[in-house]
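Okay, here's what each chain looks like letter by letter:
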Amino acid sequence: MAAHRCRNLACLLLLFLSVFLVTMSQETTLGHEQHATAVGDPQTGAETKHTAEKPRVEEKRWEETKVKATTQASDTAVLTKTQVNEDFQEELVIRPLHSGDIYASFQFRTVWETDFMKGNKVSHYRLFPKSLGQVISKFSVRELHISFTQGYWRTMQWGQPFIPSPPGAELWVWFQDSVTDVDATWKELTNVLSGIFCASLNFIDSTNTLQPSASFKPLGIGNETDHRFLRYATLPREIVCTENLTPWKKLLPCGSKAGLAVLLKSEKLFHSSFHSQSVHIRPVCQDRQCKSSSWELRQALNVVFDLHTSGQSKREWSLFKMFSRTLTEACPLASSSKIYIDVTDNPQEEQFELSPATPLLSQAVVLGDRRTFSVYDLTQQVTFGTVRSLNLMIRWKSSEGDMLRPLLHAERYVAGYGLQTGEIHTLMYNNHPFRSFPVLLLDSVPWYLRLYIHTLKVISKGKDNNPSYIHYQPSKDRERPHLLEMLLQLPPHSVTEVTVQFERALLKWTEYTPDPNHGFYVGSSVISSLVPSTVAMETNITMEQPLFSSFFPCKEESSYFARVYTEPLLVNLPTPDFSMPYNVICLTCTVVAVGYGSLYNLLTRSFQVEEPNPGLAKRIANVIRRMRGVPPL
Amino acid sequence: MAAPLTLLMIVAVTVRAVLFRSSLAELISERVEVVSPITAWKRVIEGLALLDLGVSPYSGDVFHETPLIIYLFHFLVDYAEITFMLADVVTAAALYAAAKDYNKQVFRKQKFALEADRYPPDSLLLPSALRLRLDPLCGAWTSDLLCVSGNVLLSAIFLCLATYQSVYPLTLCAPAMLYLMQRQYIPVNLRRVSFWWFVVQYLFMYLGSLFVLVCLSFFLLGSWDYMPSVYGFILSVPDLTPNIGLFWYFFAEMFEHFRLFFLCVFQINVFFYTIPLSIKLKEHPVFLIFMQLAVISIFKSYPTVGDVALYMAFLPLWSHLHRFLRNIFLVSCVLLACSALFPVLWHLWIYAGSANSNFYYAITLLFNVAQILLVSDYFYAFLRREHHLTYGLYLKKKDGSEATLVLK
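Residues numbered from 1 in each chain as written. Chains lettered and ligands numbered in written order. Predicted model: local features only at pLDDT ≥ 70, side-chain atom pairs only at ≥ 80, totals over all residues. Heavy atoms only, no water.

If you check an unreviewed UniProt entry, chain B appears there as Phosphatidylinositol glycan anchor biosynthesis, class U from Oryzias latipes. Annotation of chain B in UniProt includes, under Subcellular location (unreviewed entry), the sentence "Endoplasmic reticulum membrane". Its UniProt record gives chain B the following Sequence similarities (unreviewed entry) comment, quoted word for word: "Belongs to the PIGU family." (UniProt positions renumbered as here; feature names shortened; annotations may be inferred.)

Looking at an unreviewed UniProt entry, one finds chain A named Phosphatidylinositol glycan anchor biosynthesis class T, with Oryzias latipes as its source organism.

(A) Quick look at the overall build of chain A. Helix and strand counts for chain A stand at 10 helices and 27 strands. Across the 633 residues that make up chain A, the buried fraction comes to 53%. Across chain A, the fraction of contacts at a sequence separation of at least 24, relative to all contacts at a separation of at least 6, is 77%. For chain A, the accessible area works out to roughly 28700 Å², and carbon and sulfur atoms hold 55% of it. (Helix = DSSP H or I, 4+ residues; strand = E, 2+ residues; numbered from the N terminus. Buried < 20%, exposed > 50% of the residue type's maximum accessible area, 1.4 Å probe, protein only. Contact = heavy atoms within 4.5 Å. Areas by Shrake-Rupley, 256 points an atom, 1.4 Å probe, with all protein chains shown as cover.)

(B) The arrangement of the overall build of chain B in detail. In terms of helices and strands, chain B carries 18 helices and 1 strand. The proportion of buried residues among the 408 residues of chain B is 58%. Restricting to contacts in chain B with at least 6 residues of sequence separation, those with at least 24 account for 73%. For chain B, the accessible area works out to roughly 17200 Å², and carbon and sulfur atoms hold 71% of it.

(C) Broad picture of the interface of chain B and chain A. In this complex, chain B contributes 69 residues to the contact, which on the side of chain A involves 55 residues. Among the salt bridges present, the one from B:Asp239 reaches A:Arg450, with a minimum N-O distance of 3.6 Å. Across the contact surface, chain B and chain A share 24 residue pairs in polar contact (both at pLDDT 80 or more). The element best represented in the side of chain B that touches chain A is helix α18 (residues 357–391) of chain B, accounting for 13 residues. Across the side of chain B that touches chain A, the residue classes tally to 44 nonpolar, 11 polar and 14 charged. (Salt bridge = Lys/Arg side-chain N within 4 Å of Asp/Glu carboxyl O. Polar contact = N/O pair within 3.5 Å; in protein donor to acceptor, adjacent residues only side chain to side chain. Nonpolar A, V, L, I, M, F, W, Y, C, P; charged D, E, K, R; others polar.)

(D) Up close: α18(B). Residue and element names in this part refer to chain B. Taking 1.5 Å of rise per residue, 35 residues should cover 51 Å, and α18 covers 51 Å from first to last C-alpha, within 8% of that figure. Burial analysis of α18 places 25 of its 35 residues in the buried class, the great majority of the element. Two residues or fewer past α18, Gly392 is found with a positive phi of approximately 90°. (Expected span 1.5 Å × (residues − 1).)

(E) Looking closely at empty space enclosed by the protein. Throughout the structure, instances matching the rule amount to 13 cavities of 30 Å³ or more. By volume, the second largest cavity amounts to about 270 Å³. If you trace the second largest cavity, you find 23 residues lining it, with A:Gln420, A:Glu503, B:Val32, B:Val35 and B:Thr241 closest to the centre. Listing elements by their share of the lining of the second largest cavity, those giving two or more residues are β22 (494–504) of chain A together with α2 (24–30), α3 (41–53) and α17 (328–352) of chain B. (1 Å grid on protein atoms, 1.4 Å probe; cavity = no way out; pocket = protein on both sides within 12 Å on 5 of 7 lines; lining within 4 Å. Points joined across faces, edges and corners; volume = space filled by probe spheres on them.)

(F) Up close: the domain arrangement of chain B. All names here are of chain B. You can read the domains of chain B as domain 1 (5–114 + 138–321) and domain 2 (323–407). For domain 1 versus domain 2, the distance between C-alpha centres works out to 24 Å. Each partner contributes to the roughly 2600 Å² buried at the junction of domain 1 and domain 2, and carbon and sulfur atoms together form 73% of this total. Joining domain 1 to domain 2, the criterion identifies 0 salt bridges. The interface formed by domain 1 and domain 2 includes 10 residue pairs in polar contact (both at pLDDT 80 or more). Those elements that provide at least two residues to the side of domain 1 that touches domain 2 are α12 (247–252), α14 (274–280), α15 (285–299) and α16 (305–312). Here the side of domain 1 that touches domain 2 takes 7 residues from α15, the largest share from any one element. A class-by-class count of the residues in the side of domain 1 that touches domain 2 yields 22 nonpolar, 6 polar and 3 charged. (Domains from an automatic or database assignment. Buried area = accessible area lost by both parts, 1.4 Å probe.)

(G) Examining the packing of helix α3 (residues 130–139) of chain A against helix α5 (residues 182–196) of chain A more closely. Residues and elements named next belong to chain A. With their axes 11 Å apart at the nearest point, α3 and α5 run at an angle of 175° to one another. Considering their axes alone, α3 and α5 lie roughly antiparallel with respect to each other. In contact with Ser131, Val135, Lys138 and Phe139 of α3, α5 contributes Thr185, Glu188, Leu189, Val192 and Ile196. Here the residues of the contact of α3 with α5 are counted per class, giving 5 nonpolar, 2 polar and 2 charged. (Axes fitted to C-alpha atoms, helices over the stretch in contact; angles between N-to-C directions. Parallel < 35°, antiparallel > 145°, perpendicular 65-115°, else oblique.)

(H) Summary view of the state of the cysteines. If you walk through the whole model with that rule in mind, you get 1 disulfide over all chains. A:Cys589 supplies the cysteine sulfur nearest to A:Cys586, a cysteine that is in no disulfide, at a spacing of 7.2 Å. With relative accessibility at 49%, the residue A:Cys586 sits in the partly exposed group. No disulfide involves B:Cys215; its sulfur sits 11 Å from the nearest other cysteine sulfur, which is in B:Cys160. (Disulfide = S-S within 2.5 Å.)

(I) Structural detail: the sheet that holds strand β20 (residues 469–473) of chain A. All names here are of chain A. Taken in spatial order, the 5 strands of this open sheet run β20-β21-β17-β24-β25, and their pairing is antiparallel. The sheet is open, and its two borders are formed by β20 and β25 (559–565), each paired with just one other strand. Between one strand and the next, the sheet's axes are offset by a mean angle of 15°, whatever the strand orientation. Here 7 bridges tie strand β24 (residues 526–532) to β25, and the two strands are oriented antiparallel to one another. What sits directly across from Ser529, in β25, is Ala562. (Pairing = 2+ DSSP bridges.)

(J) Here's a closer look at helix α6 (residues 242–250) of chain A. When you tally the buried positions in α6(A), you get 7 out of 9 residues, the bulk of the element. Turning to α6(A), its buried residues are A:Thr242, A:Asn244, A:Leu245, A:Thr246, A:Pro247, A:Trp248 and A:Lys249.

(K) Representation of the sheet that holds strand β18 (residues 449–460) of chain A. Residue and element names in this part refer to chain A. Pairing is antiparallel across the open sheet formed by 5 strands, whose spatial order is β15-β16-β22-β18-β19. Edge positions in the sheet fall to β15 (408–415) and β19 (463–464), since each of these pairs with one other strand and no more. The pairing of β15 with strand β16 (residues 421–430) spans 8 bridges and is antiparallel. Considered in β16, the bridge of His409 is made with Tyr429.

(L) The arrangement of the pairing of strand β8 (residues 293–305) of chain A in detail. All names here are of chain A. In terms of burial, β8 is largely enclosed, as 12 of its 13 residues are buried. Summarising the sheet, strand β2 (residues 102–112) and β8 pair through 11 bridges and their orientation is antiparallel. When the bridges of β8 are listed, Phe108 appears paired with Gln299. Pairing geometry for strand β7 (residues 274–285) and β8, over 12 bridges, is antiparallel. For Ser276, the partnering residue across the bridge sits in β8 and is Asn302.

(M) The UniProt feature "transmembrane region" (unreviewed entry) in chain B, seen in detail. Residue and element names in this part refer to chain B. Mapped onto the present numbering, the UniProt feature "transmembrane region" (unreviewed entry) falls on residues 193–224, 230–251, 258–275, 287–315, 327–352 and 358–380. Across residues 230–251, the secondary structure splits into 55% helix and 0% strand, with the terminal C-alpha atoms separated by 19 Å. Annotated as 96% helix and 0% strand, the span residues 327–352 places its first and last C-alpha atoms 35 Å apart.

(N) Spatial organisation of a nonpolar patch on the surface. On the surface, A:Tyr596, A:Tyr600, B:Ile268 and B:Phe272 cluster together into a nonpolar patch covering about 410 Å² of accessible area. Take B:Ile268: it is sitting in helix α13 (residues 259–272). For B:Ile268, a relative accessible area of 48% puts it in the partly exposed group. (Patch = residues over 30% accessible without salt bridge, like charges linked within 9 Å, V, L, I, M, F, W, Y side chains within 5 Å.)

(O) Just unusual backbone geometry, in detail. Residue and element names in this part refer to chain A. Backbone torsion omega between Ser355 and Pro356 reads -5°, so that peptide bond is classified as cis. Secondary-structure assignment places Pro356 in the loop between β11 (352–355) and β12 (361–366). Residues other than glycine seldom take positive phi values, yet Arg478 does so here, at roughly 60°. Secondary-structure assignment places Arg478 in the loop between β20 and β21 (482–490). Given a relative accessible area of 23%, Arg478 falls into the partly exposed group.

Quick look at the structure:
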């Protein structure tokens, strides 16, 4: 712990230094910037005209190249990968949200064709971080997904995120089937990761570890789904801060020195409505036939900036305003480095204006919807213009426009009053007008809230909705949490309510957290679902796609996989008085002693007629009389 | 003779049926004073639900009843109300018969009827009404033991059923044996072969039926999971839900490294008094049963008012002791006040948030002190009456003046 502290301190110090330097350097760049916008304005005007005139042509051109690229991909990619079997890509997606917020999603992907398993000692690392490579080979990890999130993703206002994550820390790992003692390996792994990410993952123990039977399938290749090799844990209380961001940035090939990662400044990132950073490691296919597999490390960072409350009355947004940095170059190690800006709702620029404008447009099918993006390719020098610095800017013209309601969203709350019992309500909304779809609900409740499964009720549209599959694992005190997994069919345009009653336990005084009256967190419910998609999904996983649209593999065209996390719950428990263990021990023991004493008294003595006690003088006289041999008085 | 009993039963059953249907049923079945983690009906239903889901009820920590109970209620769950009523009626009838039998015996033995016809009419209602949703079989078996104690084998079997349910009735073995020996005119004398022969016989029957029950449960369930879940749960007290006993707060506030020590001390307390009490009361097994039930109810790990009601149902049997009781007024006042304060302070702590756990704990302490005083007062009165029976009611000193009795 002490080591951590020192490290954190060091991190902080470094940060302060860098912040200082940044502010110094920005004064210089600011001048450039103003110059750039002044120069860029007529340019962008011309360009927008250009795109307005013949956007179709542009798109066509782009799509043609894409098709060409995919046909070439099979042979050229293989060729290049035999020479250098490592590849790094980075991208940033920016989506203006209807609530007026800005959603920025960074994704960094390293793919490496290597074999960590079978005693193969990998010692030469280039792009892939060595610390994670060693973790994979030492603990025989098949897939590892870890996320740290501060804040709650508001699906109703923001839509679906590209990579969902629950508040707090989440870790789920698939182990290779060669692992014999999965629990011990898991324990060790969490401790190691806790060190790597400077997080309290070492608090993951058997009381918050689950083995979901259906909700978490491997996202990479591999058909094995024996859930004995899966471990899942969340720490809803975990607070994410700079100390977690710094080690996360260190895993990137360019660190935070070049490329998109330059933008990741903690003083801005953590001054936001939502912040989530994650690391996903999985084996992926190299080509369509899947003859060879490689390891994919995907680092994602999602952040939602609230530009209303940050004191700017003008609805205007720029890279510099968000991240207090502009971009000057791509990461030299990256094979592709792109910025995507979602302009689907803005085809004629009636909502916002983008500057500098880009002629490049791209379409991608993401989360069941076809979206249009303006693309900035950072590997091209043209992108940076004459000032050698890219400061994207969005100016809103109107604040109108309504958002499509997300097809699936969920919320959860605790009902009831008092500290004895309660009821957990989970509401799941299917907003599709005519199609029903299945969802898998995973609930993990700590042991100190004793669930009564016989009170489980699932009601949609006023009728009982019987789950077609229930996996319930009751809790064991101080050992294991409740696990409830259900497969439910959500009827079209409906709300499905799942209620279950629980009882609050009184814990030992040492088991309470240091602030017991704050309450205890219950991790988010996980809702995994195949949501009907409005457009045909891309099922070819090896095709070149933007990174943000290729995270969840797609098996069929008509639906896409979505995962929704509900709010974590904060539940109060009855507390003993922490100040009086001594008093309680003394008082209770006294009562027991009273019982013992009175029974002992009655058991060992017998009734006798009381003889008055002779006085002292009489007793002495009697002693003397006895010595004299005279009968006593 | 049977007419008042029948009338009483009908009244009790009606009260119960009405309570079952009223909104009070929900309230009572949630009260921590009435239900314990072992006997709560809600948990039995939960166990059945788990069984239906194909999960072993003992894989979790909600269900702690014995396997026989869960399989019994697996078939009887729709008739649970009738089952409970029947069980209570049987308990009441058994208590009645036992009381009558005992009174007759006392009458025969002592040649003067101090307490004939003083069977407990009021207390019959008390357990029936209060133990609304408890699993009353334990009580039923314990008193069946009294009723059928003419038959040695049946008594052993019922006692073993009670032991199987919760470990504590093990201590009732001694009074049961003493009672049966008294009935069969076997002298309680350690040097006599007939005494030892009877003890061996009885223990063989008792342990044999216990063995059969345990094995039966094993074969019903297919595993030994229920052993730690039922008996481990009773003995190691992992569930600290507040109740009227002494354990919950004590072990919630206990220092971790003393836990085992105090657990042993507290659990031994229940079994500790059996041998000295048996020696002292070897001529009076029924009073011994009363004492033992009271000790169990005070010192067991998850007591409920049902346990208190069971031994209090015996109190009218000892109405002849009233003139020797010393502080019955005080004790009954304290008990009444405590019963009123339990729900009040519970509400203040859990719902209103204006009190804390110490308030409720203080009441449990007071309640237990009152119980201890009550029991020891009855014990004192009983011993004193025995003394008076041999030495006369009005004792005189050697010099002829009025004497006072003291314990020495």
